[in-house]
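Residue strings, one per chain:
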Amino acid sequence: MNNYYLPRGMRPSTLDERRIFYTSEFDLNRVREWFSGWSGKIVFAVIIGRHTRIYPPEYEEDASTTILIENYTSLEDIREWILEFLPESVYYDRNIYDDQGCVIGQEMAFDLDPENLTCPIHGSLEDKMRRRQGLSFCEIELKMVKDETIRLYDELSKAFSNLKVVYSGRGFHIHVLDKDVFSWSREKRGDFAREVKNKGFMIDEWVTSGDMRLIRLPYSLHGMVSRIVMPIDASELIDFNPLEDERCIPGFLKPKKITS
Ligand SMILES: [Zn+2]
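Read on for a plain summary of the structure. (Residues numbered from 1 in each chain as written. Predicted model: local features only at pLDDT ≥ 70, side-chain atom pairs only at ≥ 80, totals over all residues. Heavy atoms only, no water.)

## Some remarks on the packing of aromatic side chains
Enumeration over the complete set of coordinates arrives at 18 aromatic pairs. Ring centres of F35 and Y92 lie 4.7 Å apart, and the angle between their planes is 85 degrees; on these two criteria the pair is classed as edge-to-face. Of the two residues, F35 sits in the loop between α2 (28–34) and β1 (44–47) while Y92 sits in strand β3 (residues 89–93), which places them 57 residues apart along the sequence. Owing to a relative accessible area of 0%, Y92 belongs among the buried residues under this scheme. Joined through ring pairs, the aromatic side chains of F35, W38, F44, Y72, Y92 and F182 make up one cluster. For the cation-ring pair, K41 lies above Y72, with the distance from its terminal atom to the ring centre recorded as 4.4 Å. (Phe/Tyr/Trp six-rings, centres within 6.5 Å; stacked < 30°, edge-to-face > 60°. Helix = DSSP H or I, 4+ residues; strand = E, 2+ residues; numbered from the N terminus. Buried < 20%, exposed > 50% of the residue type's maximum accessible area, 1.4 Å probe, protein only. Lys NZ or Arg CZ within 6 Å of the ring centre and 35° of its normal.)

Printed below as a string of structure tokens:
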């Protein structure tokens, strides 16, 4: 990652920091709350070190692999798996499965990232790729993505009544939790994604159509930027600043309190 630039204060987390976060700060009660409206088993996934190249040595071969976690009985087991892999990223599968493992629906989501916009200083994703800085982003880009999220939220509010905004580390996700949308067909989701894109919104169509079904798990650690993935009330977005917002900053980056 030596060629990368990130907004001030953001940097990759070390393995020790990942361990500290998932041992003492990762809030399973809030994760449980996030899934309170779900039916069926949730599939989780981790990527250990694809972008950061930071991984436990025993997992070198699988550092870039997307590892699905389906074998668990409680969320406490998920914490144990995460502590085993110490991943840079944790996701969940938006598909809804029945008891036989057949897909019976999907949560729809919109993904807004710096990849999809052009920075006045750093240019487009193509420009960055040419400089081998594909995943880099700056504070201007973060602000642009936030403004885009506010616009998209207003637009989606015309069609849906239960939307949740999540700060994802590099950008934002908007989850659609309206019950009827979970049963939309792949085709209907694809059409809707195209429609939104055609209105000029810089979304990742693959996420909304459902071809990319994994999405970052709220309350997990984004290990490339050392920020906590955090649901944000839409009304707070305008003043939200992930560089300074206490809710998103993991304990290992907070100044140590002096006790005497
Ligand atoms: Zn930039």
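## Here's the deal with the coordination of the zinc ion
For the zinc ion, the full set of protein donor atoms is C119 (SG), H122 (ND1), C138 (SG) and E141 (OE), at a range of 1.9 to 2.3 Å. Of note, the donors binding the zinc ion are all from one chain and are spaced C-x2-H-x15-C-x2-E. Linking C119 in the loop between β6 (108–112) and α4 (125–130) with E141 in helix α5 (residues 139–157), this pair joins segments that are 22 residues apart in sequence. Across this residue pair, the class does not change: C119 and E141 are buried. (Donors = N, O, S within 2.8 Å, 3.2 Å for Na, K, Ca; no water.)

## Re the nonpolar core
General note: in soluble globular proteins, nonpolar side chains tend to be found buried as a group. In this structure, F35, F44, Y92, F110, L152, L156 and F160 are the most contacted members of the largest nonpolar core, which totals 68 residues. Take this core: its biggest share by element is 5 residues, from α5. The contacts of L156, once residues within four sequence positions are left out, are F110, L163, I174, F192 and V196. (Core = buried A, V, L, I, M, F, W, Y, C linked by side-chain atoms within 4.5 Å. Contact = heavy atoms within 4.5 Å.)

## Re unusual backbone geometry
Positive phi, normally seen in glycine, also occurs at L86, with a value near 45 degrees. As for its placement among the helices and strands, L86 is situated in the loop between α3 (75–85) and β3. Despite not being glycine, S226 shows a phi value in the positive range, around 55 degrees. Among the secondary structure elements, S226 is positioned in the loop between β10 (221–222) and β11 (227–228).

## Here's the deal with the pattern of salt bridges
Scanning all chains against the criterion turns up 19 salt bridges. In this structure, R8 and E244 form a salt bridge, with 3.6 Å as the shortest nitrogen-oxygen distance. Of the two residues, R8 sits in the segment before α1 (15–24) while E244 sits in the segment after β12 (230–232), which places them 236 residues apart along the sequence. You can call R8 partly exposed: its relative accessible area is 48%. The residue R130 makes a salt bridge to D127 at a minimum N-O spacing of 3.5 Å. (Salt bridge = Lys/Arg side-chain N within 4 Å of Asp/Glu carboxyl O.)

## Thoughts on helix α6 (residues 186–198)
Here α6 is 13 residues long and its end C-alpha atoms lie 18 Å apart, about the 18 Å a rise of 1.5 Å per residue gives. In this fold, the buried residues of α6 make contact with β5 (103–106), β6, α5 and α7 (205–209). Immediately beyond the C-terminal end of α6, within one or two residues, lies G200, with a positive phi of roughly 100 degrees. (Expected span 1.5 Å × (residues − 1).)

## Section: the sheet that holds β1
Strand order in the open sheet formed by 4 strands is β2-β1-β3-β9, and the pairing between neighbours is antiparallel. Strands at the two margins of the open sheet, each flanked by one partner only, are β2 (66–69) and β9 (214–216). Across the sheet, the axes of successive neighbouring strands diverge by a mean angle of 35 degrees, strand direction being ignored. The pairing of β3 with β9 spans 3 bridges and is classified as antiparallel. Along β9, the bridge assignment pairs Y92 with I215. (Pairing = 2+ DSSP bridges. Axes fitted to C-alpha atoms, helices over the stretch in contact; angles between N-to-C directions.)

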